[in-house]
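# Structural features, examined
So the chains spell out like this:
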Amino acid sequence: EVGGKVEEKGEDAAVWKVETLQPHDENSDMAGKVEIIQTHYHKNYATWSRADIQSNLQSAEATVVDARSAGRFTGDAPEPRPGWPSGHIPQSVNIPFKTLLSGGKYLPAEVLKKKLSVMISPSGPLVFSCGSGLTACIVLLATALVSPDRDLYLYDGSWVEWADPQGEGCPIATG
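Here's what I pulled together on the structure shown here.

### Here we look at unusual backbone geometry
Backbone geometry at A60 places phi at a positive 50°, although glycine is not the residue there. The phi angle at S158 is positive, at roughly 45°, despite the residue not being glycine. Tracing the backbone through its elements, the reader meets S158 in helix α5 (residues 158-162).

So this is what it looks like as structure tokens:
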């Protein structure tokens, strides 16, 4: 929310709160309602690095959730960056961000919960990735809305870091 109130809880705060004011919609009983979104937020560890993701390939501590399209995830569709491989981080799951939206808005919470529960494990940390670290936040927030007690992280390097042809040669899975 632009110009919204910020509440500082200190460095040890375990909860991230976002207040959103629903715009007036004469066809909705939500008109003017203020919603509070709460989720665990680890200020010092809100993002994972490439090294964290590489370590997770061995430990399987977290589930990596890729928000890109199914075709880019499986390797069947080309990447928008010429010369870059398509595919995904091994062991990750695909939840294309567009499948959680309708008309630019989130689907109802019960639908989000059902869609997300089909693809992600019921417990453990979740790390969200996409092409460049932006659309992963859409899936991360949807998950926070329906599973506020989960530990959620962002791999902000995402595919541009992982699959960089000039990079470290990270493993890429297809299919």
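### Thoughts on the packing of aromatic side chains
Taken as a whole and assessed by the stated rule, the structure comprises one aromatic pair. On the basis of an interplanar angle of 40° and a centroid distance of 5.9 Å, the ring pair of W48 and Y153 is categorised as tilted. Here W48, found in the loop between β2 (34-40) and α1 (50-59), pairs with Y153, found in strand β8 (residues 152-154); they are 105 residues apart in sequence, far enough to count as distant. Given the relative accessible area of 12%, Y153 is considered buried. Across the ring face of W159, the terminal group of R68 is positioned such that the distance to the ring centre comes to 4.3 Å. Here the basic side chain of R81 rests over the ring of W84, its NZ or CZ set 5.8 Å away from the ring centre.

### Quick look at the pairing of strand β7 (residues 126-129)
The side-chain alternation of β7 yields two buried faces, one formed by L126 and F128 and the other by V127 and S129. Where the polypeptide runs from β7 across helix α4 (residues 136-146) and back to β8, its parallel neighbour, the crossover connection is right-handed.

### Digging into the sheet that holds strand β4 (residues 93-94)
Taken in spatial order, the four strands line up as β4-β3-β7-β8 in an open sheet, and their pairing is parallel. The sheet is open, and its two edges are formed by β4 and β8, each paired on a single side. Sheet analysis places β7 next to β8, joined by three bridges and oriented parallel. Residue pairing for β8: V127 is matched across the bridge by Y153.

### Observations regarding the side chain of E79
Residue position: E79 is located in the loop between α2 (70-74) and β4. Among the residues examined, E79 registers a relative accessible area of 9% and is labelled buried. A distance of 2.8 Å separates the side chain of E79 from the side chain of R72, its partner in a polar contact. Setting aside chain neighbours within four positions, we find E79 in contact with R68, R72, W84, P85, S86 and W159.

### Structural notes on the pairing of strand β3 (residues 63-66)
When a strand is regular, its side chains alternate between the sheet's two faces. By the alternation rule, side chains of β3 split into T63 and V65 and V64 and D66, which are all buried. Pairing between β3 and β7: four bridges, direction parallel. Residue pairing in the sheet places T63 in a bridge with L126 of β7. Pairing of β3 with β4, which is carried by two bridges, proceeds in the parallel orientation. Note that in β4 the partner of D66 across the bridge is N94.

Quick notes on the rules
Residues numbered from 1 in each chain as written. Predicted model: local features only at pLDDT ≥ 70, side-chain atom pairs only at ≥ 80, totals over all residues. Heavy atoms only, no water. Helix = DSSP H or I, 4+ residues; strand = E, 2+ residues; numbered from the N terminus. Phe/Tyr/Trp six-rings, centres within 6.5 Å; stacked < 30°, edge-to-face > 60°. Buried < 20%, exposed > 50% of the residue type's maximum accessible area, 1.4 Å probe, protein only. Lys NZ or Arg CZ within 6 Å of the ring centre and 35° of its normal. Right-handed = clockwise from strand over helix to strand, strands pointing away. Pairing = 2+ DSSP bridges. Polar contact = N/O pair within 3.5 Å; in protein donor to acceptor, adjacent residues only side chain to side chain. Contact = heavy atoms within 4.5 Å.

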